Amino acid sequence: MSEDPYETGMRVRREVLGDAHVDRAVARTTEFSRPFQDYITRGAWGSVWSRDGLDRKTRSCVTLAALTALHAHDELAMHVRAAVHNGLTAQEISEVLLHTAVYAGAPAANAAFAVAQRVLAELGEPAAQEGGDG
């Protein structure tokens, strides 16, 4: 018997975003936001991120590009952390954002670089530190 999409979604969500992030999101869930939390857990995490067609590194690349194009900066910060957790290097994240600039525009990529640099610096990535050589 296959696993319930909600249970699969929570497992994958925790694997990609980490327990601390998911625990905070669950704790902040209200009656108002519960339907949306259920939707993203089942749909995004339980039905899409859990598929075998792409590895998690590739899914992170696609997600970073889409969030950059959409100017979804809060989500982008979360997914930069997830991308690092999924094995992307700072250099690979930079390449994804640069590539996205060609198709989504320089302003979108400029904002995404700022978000990614801040998150990578918070994670202790030397290439993202001011004065860092990369």
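Everything quoted here is computed from the prediction, not taken from an experiment.

Chemist: Would you take a moment to explain the packing of aromatic side chains for this structure?
Modeler: We describe a pair of aromatic rings using the distance from one ring centre to the other and the angle between the two ring planes. What the rule picks out here adds up to 2 aromatic pairs. Ring geometry for phenylalanine 36 against tyrosine 39: centres 6.3 Å apart, planes inclined by 40°, an arrangement best described as tilted. Placement of the pair is phenylalanine 36 and tyrosine 39 together in helix H3 (residues 34-48), with a separation of 3 residues, close to one helical turn. One exposure class covers both phenylalanine 36 and tyrosine 39, and it is exposed.

Chemist: Sorry, what's going on with the domain arrangement of the protein chain here?
Modeler: Many analyses report the size of an interface as the accessible area lost when the parts associate. We note that the domain assignment places domain 1 (1-51) and domain 2 (54-126) within the protein chain. Computed from C-alpha coordinates alone, the two centres of domain 1 and domain 2 are separated by 21 Å. The partner domain 2 presents 10 residues to the 9 residues of domain 1 that form the contact. Here domain 1 and domain 2 share an interface that buries about 820 Å² over both sides, 57% of which is from carbon and sulfur atoms. Looking only at domain 1, the three residues that lose the most surface to domain 2 are Glu15, Val16 and Trp49, adding up to 61% of its buried area. Where domain 1 packs against domain 2, one counts 1 salt bridge. For the salt bridge of glutamate 15 with arginine 56, the shortest nitrogen-to-oxygen distance reads 2.7 Å. Applying the counting criterion to the domain 1 and domain 2 interface returns 4 residue pairs in polar contact (both at pLDDT 80 or more).

Chemist: Would you explain helix H4 (residues 56-69) in this entry?
Modeler: Quick reminder: α-helices carry 3.6 residues per turn. Residues three or four places apart thus point the same way. The terminal C-alpha atoms of H4 lie 20 Å apart, and with 14 residues this matches the ideal 20 Å at 1.5 Å per residue to within 8%. All buried positions along H4 are accounted for by Arg59, Ser60, Thr63, Leu64, Leu67 and Thr68. Seen from one end, H4 has its buried residues packed into an arc of 165°, which puts them on one side. Summarising the contacts, the buried residues of H4 are in contact with H3, helix H5 (73-85), helix H6 (90-104) and helix H7 (106-122). Put simply, aspartate 55 is the residue that caps the front of H4, since its side-chain oxygen is 3.3 Å from the backbone nitrogen of lysine 57. At the exit of H4 stands histidine 71, carrying a positive phi of roughly 60°.

Chemist: When you look at the side chain of threonine 41 in this model, what are you seeing that I'm missing?
Modeler: Within the secondary structure, threonine 41 is located in helix H3. Other than its neighbours up to four places away in sequence, threonine 41 contacts Pro5, Tyr6, Gly9, Met10, Arg13 and Gly46.

Chemist: I would appreciate a short explanation of the nonpolar core in the present structure.
Modeler: Nonpolar side chains in soluble globular proteins tend to be buried together. Grouped together as the largest cluster of nonpolar side chains are 17 residues, with contacts concentrated most on Leu64, Leu76, Val80, Ile93 and Leu120. Listed by contribution, the elements that provide at least two residues to this core are H4, H5, H6 and H7. Ranked by the residues each element gives to this core, the list is headed by H7, at 5 residues. Apart from residues lying up to four places away in sequence, leucine 64 is in contact with Leu76, His79, Val80, Ala83, Leu88, Ile93 and Val96. Core analysis: the next-biggest nonpolar cluster, separate from the first, contains 9 residues, Met10, Val12, Trp45 and Met78 among them.

Chemist: Mind showing me how you'd approach the packing of H4 against H5 here?
Modeler: How two helices sit against one another is set out by the angle between their axes and by the gap between those axes. Between H4 and H5, the shortest axis-to-axis distance is 10 Å and the interhelical angle comes to 160°. Considering the angle they form, H4 stands roughly antiparallel to H5. Every pair of crossing elements has a handedness; the one defined by H4 and H5 is left-handed. For the pair H4 and H5, contact is made by Ser60, Thr63, Leu64, Leu67 and Thr68 and by Glu75, Leu76, His79, Val80, Ala82 and Ala83, respectively. Broken down by class, the residue content of the contact of H4 with H5 amounts to 6 nonpolar, 4 polar and 1 charged.

The rules behind these values
Residues numbered from 1 in each chain as written. Predicted model: local features only at pLDDT ≥ 70, side-chain atom pairs only at ≥ 80, totals over all residues. Heavy atoms only, no water. Phe/Tyr/Trp six-rings, centres within 6.5 Å; stacked < 30°, edge-to-face > 60°. Helix = DSSP H or I, 4+ residues; strand = E, 2+ residues; numbered from the N terminus. Buried < 20%, exposed > 50% of the residue type's maximum accessible area, 1.4 Å probe, protein only. Domains from an automatic or database assignment. Contact = heavy atoms within 4.5 Å. Buried area = accessible area lost by both parts, 1.4 Å probe. Salt bridge = Lys/Arg side-chain N within 4 Å of Asp/Glu carboxyl O. Polar contact = N/O pair within 3.5 Å; in protein donor to acceptor, adjacent residues only side chain to side chain. Expected span 1.5 Å × (residues − 1). Arc of directions from axis to C-beta. Core = buried A, V, L, I, M, F, W, Y, C linked by side-chain atoms within 4.5 Å. Axes fitted to C-alpha atoms, helices over the stretch in contact; angles between N-to-C directions. Parallel < 35°, antiparallel > 145°, perpendicular 65-115°, else oblique. Left-handed = near helix turned anticlockwise from the far one by under 90°. Nonpolar A, V, L, I, M, F, W, Y, C, P; charged D, E, K, R; others polar.

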